[in-house]
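# Inside the fold
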Amino acid sequence: MLSERRLEVLRAIVQDYVGTEEPVGSKALTERHNLQVSPATVRNDMAALEDDGFIAQPHKSAGRVPTDKGYRLFVDKLAGVKPLSSPERRAIQNFLDGAVDLDDVVGRTVRLLAQLTRQVAVVQYPSLTRSTVRHVELLSLAPARLMLVLITDTGRVEQRLVDCPAPLGETTVADLRARLNSCVTGQRFAEVPRLVQDLPEAFDAEDRGTISLVLATLLETLVEETEERLIIGGTANLTRFGHDFPLTIRPVLEALEEQVVLLKLLGEATESGMTVRIGHENAHEGLSSTSVVSVGYGSGEEAVAKLGVVGPTRMDYPGTMGAVRAVARYVGQILAES
């Protein structure tokens, strides 16, 4: 275990390096921070931190910089989540409140995250596999043609046309709509097939074939929308950090183009908890010089999707974590109210 003083020295090194982009020396640390010890003692502490792998010397005449291990200790033990200011919170709320539908919510969220953190923002669309049914609407377009509208708890809307083998009367359509919603409203998608399997038996024999077709269309809608989608923004922000990537920025850009890689990164954020993956903790080689801060968001306690940012390991972790958490919270509120 590191002593409290050495933890304070590590905290100061991380803060200075993130703020100045320059390797940090003992003299500068004692001048900038109230460590209440001599430069010689700070030098000894830095030597011990280097021996333990928390900081490193990029070249002979330079000061020290944090390693992945140093950043990890900083995030786990030393960094609080920096709350946003009242004007920042109001700006987030006003910007997101202007969204007109789910696509607009996701699009605004990715732009907002990229602007707030000045990193690359990634937002996953709410997953239907983790969604519940808010409402099913059936509309009669013609005697033998219906429109089925599925609305999820996250505000996602899916529409399907159903060409029926025989006309359904308005009374039957209204009865089916009422029975359907009674069965499935508030239920997880995975539960719906079991809940509606006996529904045709409640109708006259001549209508059962048509009822079964409507139910089959509903179940197909639930299944075919399970593909995960995400949107990315602010990639140009990486160009500001060119010197933070050891060789070239290209491997990072290539990794960001692979949706599967990004989904795996975001997928680590279980439920609503925040995940910070630093440097070589990212399994994908192209992202070994980056950090990923991600969190789940949703309309209730459970996350229905993830959002986060990707940037260099030399990141303002308290500020980034605060922004990611705040945006996730506001998006969740909008989904709950939509």
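Before reading on, note that the structure itself is shown above.
These remarks concern the structure in this document. Every value quoted in this text rests on a predicted model; they were computed, and no experiment measured them. (Residues numbered from 1 in each chain as written. Predicted model: local features only at pLDDT ≥ 70, side-chain atom pairs only at ≥ 80, totals over all residues. Heavy atoms only, no water.)

### Side note on the overall build of the protein chain
Scanning the protein chain for helices and strands turns up twelve helices and ten strands. The C-alpha atoms of the protein chain give 26 Å as radius of gyration, which overshoots the globular expectation for 338 residues (20 Å, by more than 25%). The dimensions of the protein chain, computed from C-alpha atoms along their principal axes, are 90 × 40 × 35 Å. Burial analysis of the protein chain (338 residues in total) assigns 49% to the buried set. When contacts within the protein chain are restricted to residue pairs at least 6 apart in sequence, those whose partners lie at least 24 apart make up 61%. (Helix = DSSP H or I, 4+ residues; strand = E, 2+ residues; numbered from the N terminus. Rg over C-alpha atoms; globule rule 2.2 N^0.38 Å. Buried < 20%, exposed > 50% of the residue type's maximum accessible area, 1.4 Å probe, protein only. Contact = heavy atoms within 4.5 Å.)

### Observations regarding the sheet that holds strand 3 (residues 120-124)
Sheets are built from strands paired through backbone hydrogen bonds, the pairs being either parallel or antiparallel. Strand order in the open sheet made by the five strands is 7-3-10-9-8, with antiparallel pairing throughout. On the outer flanks of this sheet lie strand 7 (230-233) and strand 8 (274-278), each paired with one strand and no other. This sheet shows a mean twist of 15° between the axes of neighbouring strands, independent of strand direction. Its contacts with the sheet put helix 6 (residues 102-117) on strand 3, strand 7 and strand 10 (305-312), and the angle it makes with strand 3 is roughly 155°. (Pairing = 2+ DSSP bridges. Axes fitted to C-alpha atoms, helices over the stretch in contact; angles between N-to-C directions.)

### Observations concerning the pattern of salt bridges
Evaluated as defined, the whole model comprises 16 salt bridges. Arg 72 is the partner of Glu 281 in a salt bridge, and the nearest nitrogen-oxygen pair spans 2.7 Å. Of this pair, Glu 281 sits in the loop between strand 8 and strand 9 (290-297) while Arg 72 sits in helix 4 (residues 68-78), and the two are 209 residues apart along the sequence. For Glu 281, a relative accessible area of 33% translates into the label partly exposed. Between Arg 145 and Asp 163 there is a salt bridge whose closest N-O contact spans 2.8 Å. (Salt bridge = Lys/Arg side-chain N within 4 Å of Asp/Glu carboxyl O.)

### Quick word on the environment of Lys 306
As for its position among the elements, Lys 306 is in strand 10. Placed 254 residues apart in sequence, Lys 306 and Asp 52 show a C-alpha to C-alpha distance of 34 Å.

### A look at helix 12 (residues 317-337)
Counted at 1.5 Å a residue, the expected span for helix 12 with its 21 residues is 30 Å, and the 30 Å between its end C-alpha atoms agrees. The element helix 12 is largely enclosed, with a buried count of 16 among its 21 residues. By the N-cap criterion, in which a side-chain oxygen at the helix start approaches the backbone nitrogen of a residue two or three places on, helix 12 is capped by Asp 316, the distance to Gly 319 being 3.2 Å. (Expected span 1.5 Å × (residues − 1). Polar contact = N/O pair within 3.5 Å; in protein donor to acceptor, adjacent residues only side chain to side chain.)

### Focus: the environment of Val 18
Examined against the element boundaries, Val 18 turns out to sit in helix 1 (residues 4-20). Accessibility expressed as a relative area gives 18% for Val 18, which makes it buried. Note: C-alpha distance between Val 18 and Ala 142 (124 residues apart in sequence) is 65 Å. Dropping the residues within four chain positions of it, Val 18 is found in contact with Tyr 71, Arg 314, Met 315 and Asp 316.

### Some remarks on the nonpolar core
Formed by 58 residues in total, the largest nonpolar core has its most connected members in Leu 29, Leu 307 and Tyr 317. Broken down by element, this core gets its largest block of residues, eleven residues, from helix 12. Every residue in contact with Leu 29, bar those within four places of it in the chain, is listed here: Val 9, Ala 12, Ile 13, Asp 16, Val 24, Leu 35, Val 42 and Met 46. (Core = buried A, V, L, I, M, F, W, Y, C linked by side-chain atoms within 4.5 Å.)

### Quick word on the packing of helix 5 (residues 86-97) against helix 6
One way to put it is that helix 5 packs onto helix 6 with a least axis distance of 9 Å and a crossing angle of 155°. By the angle between their directions, the pair helix 5 and helix 6 is classed as roughly antiparallel. Read as a crossing pair, helix 5 and helix 6 show a hand that is right-handed. Contacts between helix 5 and helix 6 involve Ile 92, Phe 95 and Leu 96 on the former and, on the latter, Val 105, Arg 108, Thr 109, Arg 111, Leu 112 and Leu 116. Tallied by class, the residues present in the contact of helix 5 with helix 6 amount to six nonpolar, one polar and two charged. (Parallel < 35°, antiparallel > 145°, perpendicular 65-115°, else oblique. Left-handed = near helix turned anticlockwise from the far one by under 90°. Nonpolar A, V, L, I, M, F, W, Y, C, P; charged D, E, K, R; others polar.)

### Structural notes on the sheet that holds strand 6 (residues 157-163)
Ordered by their spatial adjacency, three strands build an open sheet running 4-5-6, and the pairing between neighbours is antiparallel. Looking at strand neighbours, the two that pair on one side only are strand 4 (133-142) and strand 6, the edges of this open sheet. Pairwise comparison of adjacent strand axes, ignoring direction, gives a mean angle of 20° for this sheet. Pairing analysis gives seven bridges linking strand 5 (residues 145-152) to strand 6, with the strands arranged antiparallel. Bridged to Leu 150 within strand 6 is Glu 158. Helix 7 (residues 170-184) contacts strand 4 and strand 5 of the sheet and is inclined by roughly 170° relative to strand 4.

### Describing the pairing of strand 4
On a regular strand, each side chain points to the face opposite its neighbour's, so the side chains alternate between the two faces of the sheet. Two strands pair when backbone bridges link them, and strand 4 and strand 5 are joined in this way by eight bridges, in the antiparallel orientation. Paired with Leu 139 across the two strands is Met 147, which belongs to strand 5. The hairpin formed by strand 4 and strand 5 contains two residues between the paired strands.

### As for unusual backbone geometry
A positive phi is found at Gln 36, a non-glycine position, where the angle reads about 60°. Mapped onto the fold, Gln 36 is located in the loop between helix 2 (26-32) and helix 3 (39-51). Despite not being glycine, Arg 118 has its phi angle at roughly 55°, a positive value. The residue Arg 118 is located in the loop between helix 6 and strand 3 in this model.

Everything listed here is a matter of coordinates, which is why it stays silent on function.
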